[in-house]
Amino acid sequence: MVHYLDHNATTPIRPAALAAMSEALAFTGNASSVHAWGRRARKAVEDARECVAALVNAKPEEVVFTASGTEANNLALRGVTCATIYASAIEHPSVLKARDDIRPLDEQIEEGSLVSMMLANNETGAIQPVAEIAGHVKARNGFMHCDAVQAAGRIPVDFAALGVDLMSLSAHKIGGPQGVGALIVRDGVMLASILKGGGQERSQRAGTENVAGIVGFGVAAAEARDIRDLAPLRDRIEAALPEAVVFAADGARIPNTSCLAMPGVAAETQLMTFDLAGVMVSAGSACSSGKLARSHVLAAMGVADDLADCAIRVSLGWNSTDADVDAFVAAWRALYARTHREAA
Ligand code: PLP
């Protein structure tokens, strides 16, 4: 019996998305071809575009499909022509490393700049004041980009109401496949493609569309509109672990995420112990290199290094169960009892 509590790293694919993808993989057709098979692929892509747009209250023609959330963030930051770009310190590396001239958001925002702010943080779940900052940016004739990769499907996300110009999404965080994303580009915003080649995606993203992946994204987006309230499960975890230090708990959070430290026990030890018990979580953020590095998010929040080193992230999703929560709580309590008895 395994218990997967790492939905912010990636979510299990929804059965309906998998079925639709299998069907799409089996048919031939380049969505740019004008013949019947090409038109069939084009229709599949356009149907998915409508579903992805509907998830975030955008127009279908504002959706640009990409190969990941990372690519969407890079396209936003590198495709817009702006002299100055600001990002908050807790952004995902795919924002922070997209350019080497990004300024910290605590500086005064210059006229006509681009500001990038995530809607929900992937490590702590903290919800950021995107609409408020967008108001300031717009008053200075700037552009606002929002990385909504972790917010979509977990809280209602409204592209139009947030007042942003650009928004990044990723299929595999909402029950779709890995390797597909989208950048929502507000009508009228000019974007230069960072990939050079064909004129796909209204010349904003060159390259033959990943038809099956996009189909899976569309089905997942349609299902993700029906948001499951995971707060009761998350709250049950936190209530059962009074010795844990829970980060960002005093502000608004997406309901599926809990970032918590077991004081005195390294995150690596926790991960390995829980894994042996069949419980899968991650440390702070899931590091792409497979190595654990200190969390830049907790550091930016002023969390002391020795406590940050003991922080893990539990993230729930569309198929999480009470049994998953019970297994995690039991594993956590057993390790805590063992380590603190030994320490006493
Ligand atoms: N933005 C945030 C907030 C994320 O959590 C992630 C992935 O973890 C990404 C962007 C990148 O998305 P992808 O994995 O599709 O490249």
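(A) The arrangement of the site of the ligand in detail. Lining the immediate environment of the ligand, one finds 14 residues, of which Thr 70, Asp 147, Gln 150, Ser 170 and Lys 173 sit closest. In the environment of the ligand, an oxygen atom lies 2.7 Å from a nitrogen or oxygen atom belonging to the side chain of Ser 170. Broken down by element, the residue count for the shell around the ligand peaks at three residues, all from helix H3 (residues 69–79). Of the residues assigned to the shell around the ligand, the class counts are two nonpolar, ten polar and two charged.

(B) Highlighting the sheet that holds strand S12 (residues 282–283). Read from one edge of the open sheet, four strands run S9-S10-S13-S12, paired in antiparallel fashion. In this open sheet, the two edge strands, each paired with only one partner strand, are strand S9 (245–246) and S12. One ladder, built from two bridges, connects S9 with strand S10 (residues 257–261); its direction is antiparallel. Bridging across to S10, Val 246 finds its partner in Leu 260. Contacts from helix H9 (residues 231–240) reach S9, S10 and strand S13 (311–315) within the one sheet, and its direction differs from that of S10 by about 15°. Against the sheet, helix H10 (residues 267–276) touches S12 and S13, its axis set at about 40° to S13.

(C) Structural view of the layout of surface pockets. The calculated volume of the second largest pocket comes to roughly 200 Å³. If you go around the second largest pocket, you meet 17 residues; those closest to its centre are Arg 14, Gly 153, Leu 230, Gly 317 and Trp 318. Within the lining of the second largest pocket, the residues separate by chemical class into eight nonpolar, four polar and five charged.

(D) Region of the structure containing the pairing of strand S5 (residues 114–118). In terms of burial, S5 is largely enclosed, as five of its five residues are buried. Looking at chain direction, strand S3 (residues 85–87) and S5 are connected through three bridges and run parallel. The residue of S5 that forms the bridge with Ala 87 is Ser 116. Taken together, the five bridges between S5 and strand S6 (residues 143–147) define a ladder with parallel strand orientation. Its bridge partner lying in S6, Val 115 is registered against Met 144.

(E) Highlighting H10. Among the residues making up H10, those that are buried are Ala 267, Gln 270, Leu 271 and Phe 274. For H10, the arc enclosing every buried residue in end-on projection is 100°, short of the 170-degree limit, so these residues lie on one face. Facing away from the buried side of H10 by over 90 degrees, the exposed positions are Met 272 and Leu 276. Trailing H10 by a residue or two, Gly 278 shows a phi angle of about 80°, which is positive.

(F) View of the environment of Ser 170. Following the sequence through the fold, Ser 170 ends up in strand S7 (residues 166–170). Classification of Ser 170 by relative accessible area gives buried; the value is 4%. Considering only alpha carbons, one finds Ser 170 and Ala 182, twelve residues apart in sequence, at a separation of 6.4 Å. Once residues within four sequence positions are removed from consideration, Ser 170 is found in contact with Gly 69, Val 149, Val 180, Gly 181 and Phe 217.

(G) Main features of helix H2 (residues 36–55). Along its 20 residues, H2 runs 29 Å from first to last C-alpha, staying within 8% of the 28 Å computed at 1.5 Å per residue. Gly 38, Ala 41, Ala 44, Val 45, Ala 48, Arg 49, Val 52, Ala 53 and Leu 55 are the residues of H2 that are buried. Check the buried side of H2 and you find it contacts strand S2 (63–66), S7, strand S8 (181–185), helix H7 (200–203) and helix H8 (211–224). Where H2 ends, the next residue or the one after it, Asn 57, has phi of about 50°, a positive value.

(H) View of the environment of Leu 55. Counting through the fold element by element, Leu 55 comes out in helix H2. Spatially, the C-alpha atoms of Leu 55 and His 3 are 28 Å apart, while their sequence positions differ by 52 residues. Excluding anything up to four places from it in sequence, Leu 55 contacts Ala 152, Val 157, Ile 174, Ala 221, Ala 224 and Arg 225.

Basis of the calculations
- Residues numbered from 1 in each chain as written.
- Predicted model: local features only at pLDDT ≥ 70, side-chain atom pairs only at ≥ 80, totals over all residues.
- Heavy atoms only, no water.
- Near = heavy atom within 4 Å.
- Polar contact = N/O pair within 3.5 Å; in protein donor to acceptor, adjacent residues only side chain to side chain.
- Helix = DSSP H or I, 4+ residues; strand = E, 2+ residues; numbered from the N terminus.
- Nonpolar A, V, L, I, M, F, W, Y, C, P; charged D, E, K, R; others polar.
- Pairing = 2+ DSSP bridges.
- Contact = heavy atoms within 4.5 Å.
- Axes fitted to C-alpha atoms, helices over the stretch in contact; angles between N-to-C directions.
- 1 Å grid on protein atoms, 1.4 Å probe; cavity = no way out; pocket = protein on both sides within 12 Å on 5 of 7 lines; lining within 4 Å.
- Points joined across faces, edges and corners; volume = space filled by probe spheres on them.
- Buried < 20%, exposed > 50% of the residue type's maximum accessible area, 1.4 Å probe, protein only.
- Arc of directions from axis to C-beta.
- Expected span 1.5 Å × (residues − 1).

The values are spatial; any link to function lies outside them.
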